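# Structural description and commentary
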Amino acid sequence: MSNAPQLKDPSLFKKDVAYINGEWIKAQSGKTFEVHDPATGSLIGTCPEMSRADTTAAIAAATAAFPTFRTTTPRQRARWLHKWYTLMMDHASDLAALITWENGKPTADAAGEVAYAASFFEWFAEEAPRGDGDTISATVAGNRIFTIKEPVGVCGLITPWNFPAAMITRKIGPAIAAGCTLVAKSPGETPFTGLALAELAHRAGIPKGVVNVVTAMQNTVEVGETLTSSPEVRKVSFTGSTGVGKLLMKQSADTLKKLSFELGGNAPFIVFDDADMDVAVNGAVASKFRSSGQTCICANRIYVQKGVYEEFAKRFAEKVKSFKMEQMGANFFEPTVITGMNMQMQLASEETFGPVAGLFPFETEKEVVDMANTADVGLAGYFFSKDLQRVYRVAEALEVGMVGVNTGLISDPAAPGMVKALIKLHKESFLSCQVVELMLSSEAPM
Ligand SMILES: NC(=O)c1ccc[n+]([C@@H]2O[C@H](COP(=O)([O-])OP(=O)(O)OC[C@H]3O[C@@H](n4cnc5c(N)ncnc54)[C@H](O)[C@@H]3O)[C@@H](O)[C@H]2O)c1
Ligand SMILES: O=CCCC(=O)O
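Residues numbered from 1 in each chain as written. Chains lettered and ligands numbered in written order. Predicted model: local features only at pLDDT ≥ 70, side-chain atom pairs only at ≥ 80, totals over all residues. Heavy atoms only, no water.

Among the 28 residues in the neighbourhood of ligand 1, the closest are listed as T159, W161, S241, L263 and E351. For ligand 1, whose unbound accessible area comes to 850 Å², protein coverage reaches 87%. (Near = heavy atom within 4 Å. Areas by Shrake-Rupley, 256 points an atom, 1.4 Å probe, with all protein chains shown as cover.)

In structure tokens form, the structure reads like this:
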């Protein structure tokens, strides 16, 4: 059975070619890899199996384009990003169809992803002209210190399959805004969406060599090594698993690259006795089951205070039972709610990354904050309460980068908090880190 969509613009579906130096090219070796529809297992198409040689060519193109691109005005870069945003929205239904086809997420989630992905271009188009430095009083009378922000240079971008469009645009948006050129590796499981975005970059008139998209499956490690070891690549930005993040960080040590990592999560989701139950149940459904539980910020441990535990469990399970599966089969897992969880169970410490919700009972605020903070990652957290004092207290006590209070949806291109921790860090460190600075070098004195 095939789910092949009828695209309104079939030229967005790029098979056997990737995008280097403004051209659609095959792998130098001629090798390709297969991409399968995760719903049916049927073949979608083949993509170039790019290697060290192809990645080096892409880096060379980005390096050659950088001296000119960095001198373009921020206003011009804003226009390019805005044009790319508009093209994404004009082709939203085709992009969503590609996402569902290769990623398997429900059509509504895919449409939401396209709008979310495009919003990074819109947001960073607006930020591009605002990369100003500071004027600082000096310790010597009469002197002033001026700082300027410079584009880092060529950026290597590696992103995962769970958001084939949004994870790439989240990285490309700030890179272009800052004046950087880039080589993006589209995820092997879901390469076609990234390639469709490259086609739209081309149509938006972004100069050749600025945006390069390579693809690989078997050669992923080789491509990663090439990006992390190249002296021309000044920054690597990676979204994916914690294990691969650690590896890329080690590989980048020899060339002392700037790094931005967005890694795995294990979000606590807390419902206090005084929460609005409708809001809490809807928030849990939105946070846990967005993209079938396959987002890094999905609720992973749902803690419910004893006084409302039974009611919450009943109402939450009823909602989940009402979900309609578009198809069933070997590749699908039924949305599941498990009650009576405890902290010794695997789900308490591992990222589930699927449609399984575990409910843990708790009694006191201190107890639940302690349990919430046991995770060795601190990406996102949520809690539900109507007590204003508790809202501030618990929001500060949770050792995570982003806190959703009385909401299960916290994704927003404007939020600085999409900076992720490999290990626990204090919230202040996250919040001081602005995404718009993602691709800018440290401020340098004039
Ligand atoms: N923090 C975030 O913003 C965020 C967003 C999305 C996903 N994630 C995390 O990503 C994980 C799921 O994605 P995944 O399983 O695809 O992750 P993954 O780490 O296996 O893969 C991510 C990307 O890295 C590439 N890759 C894998 N090994 C590599 C290597 N040795 N060198 C270079 N590239 C390599 C993959 O091809 C893919 O493009 C989850 O842990 C999820 O929480 C985090
Ligand atoms: O999977 C992680 C990213 C989720 C998001 O940006 O909302």
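Summed over the entire model, instances satisfying the criterion amount to 16 salt bridges. As a salt-bridge pair, D274 and R390 come within 3.4 Å of each other at their nearest N and O atoms. In this pair, D274 sits in the loop between β12 (267–271) and α9 (277–289) while R390 sits in helix α13 (residues 388–397), placing the two residues 116 residues apart along the sequence. For R393, the salt bridge is made with E365, and the minimal N-O distance between the two is 2.8 Å. (Salt bridge = Lys/Arg side-chain N within 4 Å of Asp/Glu carboxyl O. Helix = DSSP H or I, 4+ residues; strand = E, 2+ residues; numbered from the N terminus.)

So, on to the UniProt feature "active site" (unreviewed entry) in the protein chain. UniProt's entry tags E262 with the feature "active site" (unreviewed entry), counted in the numbering of this structure. Tracing the chain through its elements places E262 in strand β11 (residues 258–262). A relative accessible area of 9% places E262 in the buried class. At 2.4 Å, the side chain of E262 forms a polar contact with the side chain of T239. (UniProt positions renumbered as here; feature names shortened; annotations may be inferred. Buried < 20%, exposed > 50% of the residue type's maximum accessible area, 1.4 Å probe, protein only. Polar contact = N/O pair within 3.5 Å; in protein donor to acceptor, adjacent residues only side chain to side chain.)

The next subject is the packing of helix α2 (residues 74–90) against helix α4 (residues 107–127). Running from N to C, α2 and α4 point in directions that differ by 165°, and their axes come no closer than 8 Å. The angle between the axes of α2 and α4 places the two elements in the roughly antiparallel class. Like other packed secondary-structure pairs, α2 and α4 cross with a definite hand, here left-handed. Residue-level contacts link A78, L81, H82, W84, Y85, M88 and M89 of α2 to V114, A115, A117, A118, S119, F121, E122, F124 and A125 of α4. Looking at side-chain class alone, the contact of α2 with α4 contains 13 nonpolar, two polar and one charged residues. (Axes fitted to C-alpha atoms, helices over the stretch in contact; angles between N-to-C directions. Parallel < 35°, antiparallel > 145°, perpendicular 65-115°, else oblique. Left-handed = near helix turned anticlockwise from the far one by under 90°. Contact = heavy atoms within 4.5 Å. Nonpolar A, V, L, I, M, F, W, Y, C, P; charged D, E, K, R; others polar.)

Further remarks concern the pairing of β11. Where strand β10 (residues 233–239) and β11 come together, five bridges link them in parallel fashion. Each residue of the ladder has a partner; that of F238, found in β11, is F261. Taking the sense of rotation as the criterion, the β-α-β connection linking β10, helix α8 (residues 242–251) and β11 turns out right-handed. (Pairing = 2+ DSSP bridges. Right-handed = clockwise from strand over helix to strand, strands pointing away.)

Now for the site of ligand 2. Around ligand 2, the structure places eleven residues, and the nearest of them are Y116, R170, R290, C296 and S411. In the model, an oxygen atom of ligand 2 is placed 2.8 Å from a nitrogen or oxygen of the R290 side chain. In this structure, S411 approaches ligand 2 through a side-chain N or O atom, which is 2.3 Å from an oxygen atom. Surface burial for ligand 2 is 99%, taken as the share of its 240 Å² of free accessible area covered by protein chains. Among the residues forming the shell around ligand 2, the class breakdown is six nonpolar, three polar and two charged.

Checked against the element boundaries, S252 lands in the loop between α8 and β11. Judged by its relative accessible area of 2%, S252 falls in the buried class. Each C-alpha atom, one on S252 and one on R234, is 9.8 Å from the other, the two residues being 18 residues apart in sequence. For S252, the contacting residues outside a window of four places in its chain are T228, K257 and L259.

Let's shift gears to the nonpolar core. W84, M88 and L182 are the most contacted members of the largest nonpolar core, which totals 81 residues. The element contributing the most residues to this core is α4, with nine residues. Residues within four places of M88 in sequence aside, it is in contact with L95, V114, A117, A118, F121, T169, L197 and L200. Judged by nonpolar contacts, the second largest core, of 29 residues, contains V285, C296, L359 and F384. (Core = buried A, V, L, I, M, F, W, Y, C linked by side-chain atoms within 4.5 Å.)

Moving on: the packing of aromatic side chains. Under the counting rule described, the total for this entry stands at 16 aromatic pairs. Relative to W101, the ring of F13 has its centre 5.2 Å away and its plane inclined at 55°; by these criteria the two rings are tilted. Remark: W101 occurs in helix α3 (residues 92–103) and F13 occurs in the segment before β1 (18–20); sequence separation between them is 88 residues. Consider the rings of F272 and F383, whose centres lie 6.3 Å apart with planes at 85°: the pair is edge-to-face. Of the two residues, F272 sits in the loop between β12 and α9 while F383 sits in strand β16 (residues 380–384), which places them 111 residues apart along the sequence. Of the two residues, F272 and F383, neither departs from the other in class, the shared state being buried. By the ring-pair criterion, three or more aromatic residues cluster together here, those being F289, F312, F316 and F323. (Phe/Tyr/Trp six-rings, centres within 6.5 Å; stacked < 30°, edge-to-face > 60°.)

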